[in-house]
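These are the residues of each chain, in order.
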Amino acid sequence: MTLEEEIKQAKFQSNNHKASLNLIYTANWLMAKYEEIIRPYGITSQQYNILRILKGQNANCLSATEIKTRMLDKSSDVSRMLDRLELKKLIIKEVSRYDKRAIDVSISERGLALLSTMLKEQDRMDALLNISEESAAMLSNILDKLRS
């Protein structure tokens, strides 16, 4: 379905205006689909993002500040999310050996097991784009240019 049909608007100020709205609309649509896929696992997409960041550290710890810099959603309340992930025993929080004011965070075995279970869901999320690998690479390049 076209953007015009989705938002019931026939005209736009310019192609750039339409593209901006289409990008925002599509990003929100994609996030809603991601949340739908992730919800049965009892975590949010932001929490999933944190677990994936920590898994990528190969058992090394990260501070909450470093996690926030790597997150897709920079406006997230990382401290609150880390508390919730710790309650679910998906992460381990410890006082830093180097800075007693900082907290080191790592993924737990339970967190790794959850991500392993969710691997098939990542394929479902990737398939939502419904475009070829070549088109996905082109889209990614265009989006990178947009932010530069």
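In the block above lies the structure referred to throughout.
On a predicted model such as this, the values are computed, not experimentally measured, just so you know.

Caption draft 1: View of the sheet that holds strand E1 (residues 62-63). Pairing is antiparallel in the open sheet, where three strands are placed in the order E1-E3-E2. At either margin of the open sheet sits one strand with a lone partner, and together these are E1 and strand E2 (91-95). Bridge analysis of E1 against strand E3 (residues 103-107) gives two bridges, and the strand direction is antiparallel. Residue Leu62 lies in a different strand from E3, and its bridge partner there is Val105.

Caption draft 2: Representation of helix H3 (residues 45-55) within the structure. Within H3, eight of the 11 residues are buried, which leaves the element mostly enclosed by the surrounding structure. Here H3 has its buried residues at Ser45, Gln47, Tyr48, Asn49, Ile50, Leu51, Ile53 and Leu54.

Caption draft 3: Representation of the side chain of Ser108. Relative to the assigned elements, Ser108 resides in the loop between E3 and helix H6 (109-117). Within the local environment of Ser108, its side chain forms a polar contact with the backbone nitrogen of Gly111, the two atoms lying 3.1 Å apart.

Caption draft 4: Layout of the layout of surface pockets. In this structure, the largest pocket occupies an estimated 1,400 Å³ of space. Lining of the largest pocket is provided by 30 residues; of these, Ala27, Leu30, Tyr34, Leu129 and Leu143 occupy positions nearest its centre. Elements that contribute at least two residues to the lining of the largest pocket include exactly helix H2 (15-38), H3, helix H7 (119-127) and helix H8 (133-147). The biggest single contributor to the lining of the largest pocket is H8, with nine residues. Its residues assigned to classes, the lining of the largest pocket comprises 18 nonpolar, six polar and six charged.

Caption draft 5: Structural view of the pattern of salt bridges. Throughout the structure, instances matching the rule amount to eight salt bridges. Between Glu4 and Lys18 there is a salt bridge; the shortest N-O distance is 2.6 Å. With a gap of 14 residues between them, Glu4 in helix H1 (residues 3-7) and Lys18 in helix H2 connect regions that are remote in the sequence. Assessed through its relative accessible area of 23%, Glu4 is described here as partly exposed. Salt bridges sharing partners connect three or more residues here, namely Asp83, Glu86 and Lys93.

Rules used throughout
Residues numbered from 1 in each chain as written. Predicted model: local features only at pLDDT ≥ 70, side-chain atom pairs only at ≥ 80, totals over all residues. Heavy atoms only, no water. Pairing = 2+ DSSP bridges. Helix = DSSP H or I, 4+ residues; strand = E, 2+ residues; numbered from the N terminus. Buried < 20%, exposed > 50% of the residue type's maximum accessible area, 1.4 Å probe, protein only. Polar contact = N/O pair within 3.5 Å; in protein donor to acceptor, adjacent residues only side chain to side chain. 1 Å grid on protein atoms, 1.4 Å probe; cavity = no way out; pocket = protein on both sides within 12 Å on 5 of 7 lines; lining within 4 Å. Points joined across faces, edges and corners; volume = space filled by probe spheres on them. Nonpolar A, V, L, I, M, F, W, Y, C, P; charged D, E, K, R; others polar. Salt bridge = Lys/Arg side-chain N within 4 Å of Asp/Glu carboxyl O.

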